[in-house]
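Structure at a glance
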Amino acid sequence: LFGLTIISCIAVGLSTDCIQREIDPSGKDYRGYVSRTATGHKCRIWGYQAQNFPGAGLRENLCRNPGNSYTAPWCHSDDPYGWAACDIPYCEVKECVSMEKDRNGKKYRGTQNTDQHGNTCLDWSETKHSPKEITDAGLEDGNYCRNPITVRGQTSAYRSRPWCYITKNRISYCDIPYCEDLEPTIDDDLESLGLDIGCIPIAEDPTGAGYRGSQFTTRTGKMCREWEDFDRLVWPNNDLFGGVCRNPGGDDSSPWCHTGPNEWDYCDIPICRERDLVCEADELMCVEVDQCISKEKNCDGVEDCDDGSDEKNCL
(Lines give C-alpha, C1' and ligand atoms only; values in the text may rest on other atoms or scores of the structure.)
Protein backbone atom coordinates (compact mmCIF):
# COMPACT_ATOMS: atom_id res chain seq x y z
CA LEU A 1 0.00 0.00 0.00
CA PHE A 2 2.17 2.81 -1.26
CA GLY A 3 1.33 6.43 -0.71
CA LEU A 4 -1.43 5.87 1.87
CA THR A 5 -1.19 8.02 4.94
CA ILE A 6 -2.32 6.23 8.08
CA ILE A 7 -4.21 8.60 10.32
CA SER A 8 -3.79 7.62 13.96
CA CYS A 9 -6.13 9.06 16.55
CA ILE A 10 -6.19 8.62 20.30
CA ALA A 11 -8.67 6.45 22.15
CA VAL A 12 -9.51 7.16 25.78
CA GLY A 13 -9.40 4.24 28.18
CA LEU A 14 -8.63 0.56 27.74
CA SER A 15 -10.02 -1.09 24.65
CA THR A 16 -9.18 -4.01 22.38
CA ASP A 17 -9.92 -1.60 19.53
CA CYS A 18 -6.74 0.36 20.04
CA ILE A 19 -3.05 -0.42 19.74
CA GLN A 20 -0.65 -0.15 22.66
CA ARG A 21 2.05 1.94 21.02
CA GLU A 22 4.93 1.13 23.41
CA ILE A 23 4.35 -2.63 23.48
CA ASP A 24 2.98 -3.33 20.01
CA PRO A 25 3.67 -0.36 17.69
CA SER A 26 2.84 -2.23 14.46
CA GLY A 27 -0.33 -3.80 15.83
CA LYS A 28 0.75 -7.39 15.14
CA ASP A 29 -1.01 -8.47 18.33
CA TYR A 30 -4.15 -6.41 17.66
CA ARG A 31 -7.26 -8.55 18.20
CA GLY A 32 -10.00 -5.91 18.01
CA TYR A 33 -13.11 -5.63 15.91
CA VAL A 34 -12.33 -3.04 13.19
CA SER A 35 -13.25 -4.48 9.78
CA ARG A 36 -12.89 -1.54 7.38
CA THR A 37 -9.82 0.03 5.83
CA ALA A 38 -8.69 3.60 6.50
CA THR A 39 -10.28 4.52 3.17
CA GLY A 40 -13.66 3.14 4.23
CA HIS A 41 -13.76 -0.11 2.26
CA LYS A 42 -15.15 -3.22 3.93
CA CYS A 43 -12.57 -5.94 4.58
CA ARG A 44 -12.85 -9.32 2.90
CA ILE A 45 -12.81 -12.58 4.81
CA TRP A 46 -9.29 -13.95 5.35
CA GLY A 47 -10.42 -17.44 4.46
CA TYR A 48 -7.68 -19.84 3.42
CA GLN A 49 -4.86 -17.51 4.48
CA ALA A 50 -5.65 -18.21 8.12
CA GLN A 51 -3.91 -21.57 7.70
CA ASN A 52 -0.70 -19.84 6.63
CA PHE A 53 -0.54 -17.66 9.77
CA PRO A 54 -1.67 -19.74 12.75
CA GLY A 55 -1.95 -17.66 15.89
CA ALA A 56 -2.28 -14.39 13.95
CA GLY A 57 -5.96 -14.01 14.78
CA LEU A 58 -7.14 -14.10 11.15
CA ARG A 59 -10.81 -14.29 12.10
CA GLU A 60 -13.57 -13.49 9.62
CA ASN A 61 -12.87 -10.07 8.02
CA LEU A 62 -11.17 -8.34 10.96
CA CYS A 63 -8.10 -6.13 10.50
CA ARG A 64 -4.87 -7.91 11.41
CA ASN A 65 -1.12 -7.75 10.75
CA PRO A 66 -0.13 -11.38 10.12
CA GLY A 67 3.57 -12.05 10.34
CA ASN A 68 4.16 -8.41 11.26
CA SER A 69 4.20 -7.85 7.50
CA TYR A 70 3.27 -4.17 7.59
CA THR A 71 3.51 -1.14 9.88
CA ALA A 72 -0.15 -1.42 10.94
CA PRO A 73 -3.07 -3.87 10.84
CA TRP A 74 -4.53 -4.28 7.34
CA CYS A 75 -6.91 -6.40 5.32
CA HIS A 76 -7.81 -7.40 1.78
CA SER A 77 -10.35 -5.03 0.25
CA ASP A 78 -11.50 -3.23 -2.88
CA ASP A 79 -8.79 -0.61 -2.47
CA PRO A 80 -6.57 0.03 -5.54
CA TYR A 81 -3.86 -2.43 -4.46
CA GLY A 82 -6.33 -5.09 -3.31
CA TRP A 83 -5.56 -4.38 0.34
CA ALA A 84 -5.11 -1.41 2.63
CA ALA A 85 -4.19 -0.45 6.16
CA CYS A 86 -6.90 -0.03 8.76
CA ASP A 87 -7.19 3.07 10.91
CA ILE A 88 -6.70 1.59 14.38
CA PRO A 89 -6.24 4.27 17.05
CA TYR A 90 -3.48 4.16 19.63
CA CYS A 91 -4.49 3.61 23.23
CA GLU A 92 -4.01 6.72 25.35
CA VAL A 93 -4.25 5.26 28.84
CA LYS A 94 -2.80 1.87 29.70
CA GLU A 95 -4.03 1.00 33.14
CA CYS A 96 -2.70 -2.51 32.75
CA VAL A 97 0.48 -4.37 31.87
CA SER A 98 0.87 -7.09 29.28
CA MET A 99 1.57 -10.47 30.85
CA GLU A 100 3.22 -11.69 27.66
CA LYS A 101 5.08 -8.56 26.49
CA ASP A 102 5.79 -6.62 29.69
CA ARG A 103 5.26 -8.97 32.61
CA ASN A 104 7.15 -6.83 35.15
CA GLY A 105 5.48 -3.63 33.94
CA LYS A 106 8.66 -1.68 33.18
CA LYS A 107 6.87 -0.09 30.18
CA TYR A 108 3.76 0.84 32.14
CA ARG A 109 2.90 4.51 31.63
CA GLY A 110 -0.56 4.66 33.18
CA THR A 111 -1.79 7.12 35.77
CA GLN A 112 -2.28 5.01 38.89
CA ASN A 113 -0.70 6.89 41.81
CA THR A 114 -1.67 4.77 44.82
CA ASP A 115 -0.16 1.55 46.07
CA GLN A 116 -2.00 -1.75 46.59
CA HIS A 117 -3.14 -0.54 50.03
CA GLY A 118 -4.46 2.83 48.85
CA ASN A 119 -1.52 4.94 50.01
CA THR A 120 -0.67 7.92 47.79
CA CYS A 121 2.66 7.69 46.00
CA LEU A 122 5.35 10.32 46.43
CA ASP A 123 6.51 12.33 43.45
CA TRP A 124 9.59 10.59 42.04
CA SER A 125 11.52 13.87 42.24
CA GLU A 126 11.32 13.55 46.06
CA THR A 127 12.88 10.07 46.09
CA LYS A 128 16.21 8.33 45.55
CA HIS A 129 15.11 7.54 41.99
CA SER A 130 15.52 10.98 40.48
CA PRO A 131 13.92 11.59 37.07
CA LYS A 132 17.04 13.59 36.19
CA GLU A 133 19.21 10.49 36.60
CA ILE A 134 16.78 7.87 35.26
CA THR A 135 15.39 9.35 32.09
CA ASP A 136 13.73 6.39 30.35
CA ALA A 137 11.36 5.07 33.01
CA GLY A 138 8.55 7.63 32.96
CA LEU A 139 9.50 9.09 36.33
CA GLU A 140 9.19 12.63 35.03
CA ASP A 141 5.42 12.16 34.84
CA GLY A 142 4.97 12.79 38.57
CA ASN A 143 3.92 10.34 41.26
CA TYR A 144 2.62 7.51 39.07
CA CYS A 145 3.47 3.86 39.68
CA ARG A 146 6.49 2.80 37.66
CA ASN A 147 9.17 0.11 37.61
CA PRO A 148 12.53 1.85 37.15
CA ILE A 149 15.69 -0.20 37.27
CA THR A 150 16.99 -0.59 40.84
CA VAL A 151 20.65 -0.83 41.82
CA ARG A 152 21.43 -3.34 44.57
CA GLY A 153 25.11 -3.45 45.45
CA GLN A 154 27.00 -4.40 42.32
CA THR A 155 23.91 -5.49 40.38
CA SER A 156 20.87 -3.75 38.90
CA ALA A 157 17.49 -5.24 38.10
CA TYR A 158 13.81 -4.51 37.69
CA ARG A 159 11.35 -5.40 40.40
CA SER A 160 8.55 -7.89 39.71
CA ARG A 161 5.89 -5.24 39.03
CA PRO A 162 5.27 -1.45 39.15
CA TRP A 163 5.79 0.22 42.51
CA CYS A 164 6.29 3.60 44.16
CA TYR A 165 7.58 5.31 47.28
CA ILE A 166 4.95 5.96 49.93
CA THR A 167 7.56 7.56 52.22
CA LYS A 168 11.09 8.65 51.38
CA ASN A 169 12.48 5.38 52.71
CA ARG A 170 9.65 2.95 52.05
CA ILE A 171 8.41 1.48 48.79
CA SER A 172 5.22 -0.43 48.06
CA TYR A 173 3.90 -2.34 45.05
CA CYS A 174 0.96 -1.10 43.00
CA ASP A 175 -1.98 -3.27 42.04
CA ILE A 176 -1.87 -2.95 38.23
CA PRO A 177 -3.97 -5.61 36.44
CA TYR A 178 -2.77 -7.64 33.48
CA CYS A 179 -4.27 -6.48 30.18
CA GLU A 180 -5.10 -10.05 29.20
CA ASP A 181 -7.42 -10.33 32.22
CA LEU A 182 -9.38 -7.25 31.10
CA GLU A 183 -9.73 -7.86 27.38
CA PRO A 184 -12.90 -9.58 26.20
CA THR A 185 -12.54 -12.51 23.81
CA ILE A 186 -13.95 -12.35 20.31
CA ASP A 187 -17.29 -14.13 20.11
CA ASP A 188 -17.35 -17.07 17.75
CA ASP A 189 -20.79 -16.00 16.57
CA LEU A 190 -20.34 -14.49 13.11
CA GLU A 191 -23.49 -12.41 13.47
CA SER A 192 -22.02 -10.61 16.48
CA LEU A 193 -19.22 -9.41 14.19
CA GLY A 194 -21.56 -8.11 11.53
CA LEU A 195 -21.17 -11.27 9.42
CA ASP A 196 -23.94 -13.71 8.57
CA ILE A 197 -23.65 -17.24 7.23
CA GLY A 198 -27.01 -16.71 5.60
CA CYS A 199 -29.27 -19.34 4.08
CA ILE A 200 -30.57 -20.60 0.74
CA PRO A 201 -34.23 -20.11 -0.23
CA ILE A 202 -34.52 -23.59 -1.71
CA ALA A 203 -37.78 -22.94 -3.56
CA GLU A 204 -36.53 -19.88 -5.45
CA ASP A 205 -32.84 -20.84 -5.65
CA PRO A 206 -32.45 -24.64 -5.44
CA THR A 207 -28.72 -24.61 -6.33
CA GLY A 208 -27.76 -21.61 -4.19
CA ALA A 209 -26.53 -19.64 -7.21
CA GLY A 210 -27.67 -16.42 -5.56
CA TYR A 211 -26.10 -17.20 -2.17
CA ARG A 212 -24.09 -14.22 -0.87
CA GLY A 213 -23.53 -15.21 2.75
CA SER A 214 -20.23 -15.39 4.65
CA GLN A 215 -19.71 -19.14 5.10
CA PHE A 216 -15.97 -19.74 4.61
CA THR A 217 -15.58 -23.40 5.61
CA THR A 218 -16.69 -26.55 3.81
CA ARG A 219 -18.98 -29.32 5.05
CA THR A 220 -15.85 -31.20 6.17
CA GLY A 221 -14.48 -28.21 8.07
CA LYS A 222 -11.79 -27.19 5.58
CA MET A 223 -10.98 -23.50 5.15
CA CYS A 224 -11.93 -21.98 1.80
CA ARG A 225 -9.13 -20.71 -0.42
CA GLU A 226 -9.29 -17.26 -2.04
CA TRP A 227 -11.08 -17.15 -5.40
CA GLU A 228 -8.60 -16.53 -8.23
CA ASP A 229 -8.66 -14.01 -11.09
CA PHE A 230 -9.33 -16.92 -13.42
CA ASP A 231 -12.53 -17.74 -11.52
CA ARG A 232 -13.73 -14.17 -11.84
CA LEU A 233 -12.96 -14.27 -15.56
CA VAL A 234 -14.97 -17.45 -16.08
CA TRP A 235 -17.80 -16.39 -13.77
CA PRO A 236 -18.04 -12.58 -13.77
CA ASN A 237 -20.50 -10.79 -11.48
CA ASN A 238 -20.72 -13.70 -9.05
CA ASP A 239 -19.20 -11.99 -5.99
CA LEU A 240 -16.06 -14.15 -6.12
CA PHE A 241 -13.98 -12.23 -3.61
CA GLY A 242 -12.24 -13.56 -0.53
CA GLY A 243 -12.53 -17.15 0.59
CA VAL A 244 -16.28 -17.64 0.80
CA CYS A 245 -18.66 -20.29 -0.50
CA ARG A 246 -20.38 -19.60 -3.81
CA ASN A 247 -22.00 -21.48 -6.69
CA PRO A 248 -20.92 -19.26 -9.59
CA GLY A 249 -23.33 -19.43 -12.49
CA GLY A 250 -25.40 -22.04 -10.69
CA ASP A 251 -23.32 -24.66 -12.49
CA ASP A 252 -23.20 -27.06 -9.55
CA SER A 253 -25.77 -28.49 -7.15
CA SER A 254 -24.91 -26.20 -4.21
CA PRO A 255 -22.34 -23.58 -3.09
CA TRP A 256 -18.74 -24.73 -2.93
CA CYS A 257 -15.21 -23.34 -2.71
CA HIS A 258 -11.59 -24.16 -3.49
CA THR A 259 -9.72 -25.84 -0.62
CA GLY A 260 -6.33 -26.31 -2.27
CA PRO A 261 -4.60 -26.66 -5.63
CA ASN A 262 -7.07 -28.55 -7.84
CA GLU A 263 -9.21 -29.31 -4.79
CA TRP A 264 -12.71 -28.17 -3.87
CA ASP A 265 -15.59 -29.17 -1.62
CA TYR A 266 -19.23 -28.35 -1.02
CA CYS A 267 -20.28 -26.05 1.81
CA ASP A 268 -22.97 -26.70 4.38
CA ILE A 269 -25.39 -23.77 3.98
CA PRO A 270 -28.67 -23.86 5.91
CA ILE A 271 -32.00 -23.72 4.12
CA CYS A 272 -34.07 -20.58 4.73
CA ARG A 273 -37.27 -21.04 6.67
CA GLU A 274 -40.42 -21.16 4.60
CA ARG A 275 -42.58 -18.04 4.47
CA ASP A 276 -45.91 -16.99 3.11
CA LEU A 277 -44.44 -13.62 2.14
CA VAL A 278 -43.98 -13.04 -1.59
CA CYS A 279 -41.90 -10.12 -2.87
CA GLU A 280 -42.19 -8.46 -6.26
CA ALA A 281 -39.56 -9.04 -8.95
CA ASP A 282 -37.87 -5.73 -8.19
CA GLU A 283 -37.89 -6.33 -4.43
CA LEU A 284 -35.58 -8.09 -2.00
CA MET A 285 -36.84 -10.25 0.88
CA CYS A 286 -35.24 -9.49 4.25
CA VAL A 287 -33.61 -12.49 5.94
CA GLU A 288 -35.08 -12.65 9.46
CA VAL A 289 -38.22 -10.55 9.15
CA ASP A 290 -41.22 -10.76 6.82
CA GLN A 291 -40.43 -7.62 4.91
CA CYS A 292 -39.73 -6.68 1.28
CA ILE A 293 -37.63 -3.73 0.18
CA SER A 294 -36.60 -2.37 -3.20
CA LYS A 295 -33.52 -4.07 -4.63
CA GLU A 296 -32.10 -0.59 -5.21
CA LYS A 297 -31.86 -0.19 -1.42
CA ASN A 298 -29.67 -3.26 -1.01
CA CYS A 299 -26.18 -2.26 0.25
CA ASP A 300 -26.88 1.46 -0.06
CA GLY A 301 -25.44 2.24 3.38
CA VAL A 302 -28.84 2.52 5.08
CA GLU A 303 -30.54 -0.36 6.94
CA ASP A 304 -33.98 -0.58 5.33
CA CYS A 305 -34.74 -4.10 6.60
CA ASP A 306 -35.70 -4.16 10.26
CA ASP A 307 -33.08 -6.88 10.82
CA GLY A 308 -30.42 -4.94 8.90
CA SER A 309 -29.88 -7.85 6.52
CA ASP A 310 -29.83 -5.55 3.47
CA GLU A 311 -26.52 -4.06 4.69
CA LYS A 312 -24.75 -7.31 5.55
CA ASN A 313 -22.19 -9.07 3.34
CA CYS A 314 -21.79 -5.94 1.20
CA LEU A 315 -18.51 -5.49 -0.66
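About the thresholds
- Residues numbered from 1 in each chain as written.
- Predicted model: local features only at pLDDT ≥ 70, side-chain atom pairs only at ≥ 80, totals over all residues.
- Heavy atoms only, no water.
- Disulfide = S-S within 2.5 Å.
- Helix = DSSP H or I, 4+ residues; strand = E, 2+ residues; numbered from the N terminus.
- Buried < 20%, exposed > 50% of the residue type's maximum accessible area, 1.4 Å probe, protein only.
- Phe/Tyr/Trp six-rings, centres within 6.5 Å; stacked < 30°, edge-to-face > 60°.
- Lys NZ or Arg CZ within 6 Å of the ring centre and 35° of its normal.
- Pairing = 2+ DSSP bridges.
- Salt bridge = Lys/Arg side-chain N within 4 Å of Asp/Glu carboxyl O.
- pLDDT = per-residue confidence, 0-100.
- Contact = heavy atoms within 4.5 Å.
- Patch = residues over 30% accessible without salt bridge, like charges linked within 9 Å, V, L, I, M, F, W, Y side chains within 5 Å.
- Areas by Shrake-Rupley, 256 points an atom, 1.4 Å probe, with all protein chains shown as cover.
- Lys, Arg positive; Asp, Glu negative; His and termini not counted.
- Polar contact = N/O pair within 3.5 Å; in protein donor to acceptor, adjacent residues only side chain to side chain.

Right, let's talk about the state of the cysteines for a bit. Under the criterion given, the structure shown has nine disulfides. Through a disulfide, Cys-43 is tied to Cys-75; the S-S separation comes to 2.0 Å. What sets the handedness of the Cys-43 and Cys-75 disulfide is the S-S torsion sign, and at about -75° it is left-handed. Pair noted here: Cys-43 is in the loop between β1 (10–11) and β2 (74–76) and Cys-75 is in strand β2, with a separation of 32 residues, a long-range link. The exposure class assigned to Cys-43 is buried, which follows from its relative accessible area of 3%. Residue classification places Cys-75 among the buried residues on the basis of a relative accessible area of 0%.

What follows concerns the packing of aromatic side chains. The full count for this structure, using the stated rule, is 10 aromatic pairs. An angle of 85° between the planes, with centres 5.2 Å apart, marks the rings of Tyr-70 and Trp-83 as edge-to-face. Note that Tyr-70 is positioned in the loop between β1 and β2 and Trp-83 in strand β3 (residues 83–85), a separation of 13 residues in sequence. The cationic tip of Arg-159 hangs over the ring face of Trp-163; the distance from NZ or CZ to the ring centre is 5.0 Å.

Structurally, Arg-59 can be placed in the loop between β1 and β2. In sequence terms Arg-59 and Tyr-33 are 26 residues apart; their C-alpha atoms lie 9.7 Å from each other.

What follows is about the pairing of strand β10 (residues 263–266). Bridge count between strand β9 (residues 256–260) and β10: four bridges; the pairing is antiparallel. Counterpart to His-258 in the pairing with β10 is Trp-264.

As a further point, take the pattern of salt bridges. Within the structure shown, the criterion is met by six salt bridges. For Arg-219, the salt bridge is made with Asp-265, and the minimal N-O distance between the two is 3.1 Å. Here Arg-219 is found in the loop between α1 (179–182) and α2 (229–234), whereas its partner Asp-265 is found in strand β10, with 46 residues between them in sequence. Given a relative accessible area of 55%, Arg-219 falls into the exposed group.

This part is about the confidence of the model for the protein. In the predicted model, the protein carries a mean pLDDT of 80, and the fraction of residues at 70 or more is 84%. The secondary-structure element of the protein with the lowest mean pLDDT is β1, recorded at 28, while strand β7 (residues 163–167) shows the highest, at 94. Throughout residues 184–194 the model reports pLDDT below 50, and contacts reaching past four residues in sequence, or to other chains, amount to 24 contacts.

On to a nonpolar patch on the surface, then. A contiguous nonpolar patch, built from Phe-230, Leu-233 and Val-234 and spanning about 350 Å² of accessible area, is present on the exposed surface. Here Leu-233 is to be found in helix α2. With a relative accessible area of 67%, Leu-233 lands in the exposed category.

A word on the side chain of Asp-24. In this fold, Asp-24 is placed in the loop between β1 and β2. Buried within the structure, Asp-24 lacks any salt-bridge partner; its nearest side chain of opposite charge belongs to Lys-28, at an N-O separation of 4.8 Å. Separated by 2.9 Å, the side chain of Asp-24 and the backbone nitrogen of Asp-29 make a polar contact. Ignoring sequence-local partners within four residues, the contact set of Asp-24 consists of Ile-19, Asp-29 and Tyr-30.

Before going further, it helps to examine the pairing of strand β8 (residues 170–173). Remember that side chains alternate between the two faces of the sheet whenever the strand is regular. Here β7 pairs with β8 via four bridges, running antiparallel. Among the inter-strand pairings, Cys-164 is bridged to a residue of β8, identified as Ser-172. In this antiparallel pair of consecutive strands, β7 and β8, the connection spans two residues.

Attention shifts here to the side chain of Asp-102. Turning to its location among the elements, Asp-102 is positioned in the loop between β4 (90–91) and β5 (150–152). Given the relative accessible area of 3%, Asp-102 is considered buried. A distance of 3.1 Å separates a polar atom in the side chain of Asp-102 from the backbone nitrogen of Lys-106. Every residue in contact with Asp-102, bar those within four places of it in the chain, is listed here: Ile-23, Val-97, Lys-107 and Tyr-108.

Leave glycine aside and you will find that most residues have negative phi; peptide bonds, for their part, are mostly trans. A positive phi angle, near 60°, is found at Asn-237, a position not held by glycine. Looking at where Asn-237 falls in the secondary structure, it is placed in the loop between α2 and β9.

A separate point is the environment of Leu-139. Looking at where Leu-139 falls in the secondary structure, it is placed in the loop between β4 and β5. Along the sequence, Leu-139 and Arg-109 sit 30 residues apart, while their C-alpha atoms lie 9.3 Å from each other. Among all residues touching Leu-139, those that are not within four sequence positions of it are Trp-124, His-129, Ser-130, Pro-131, Ile-134, Arg-146 and Pro-148.

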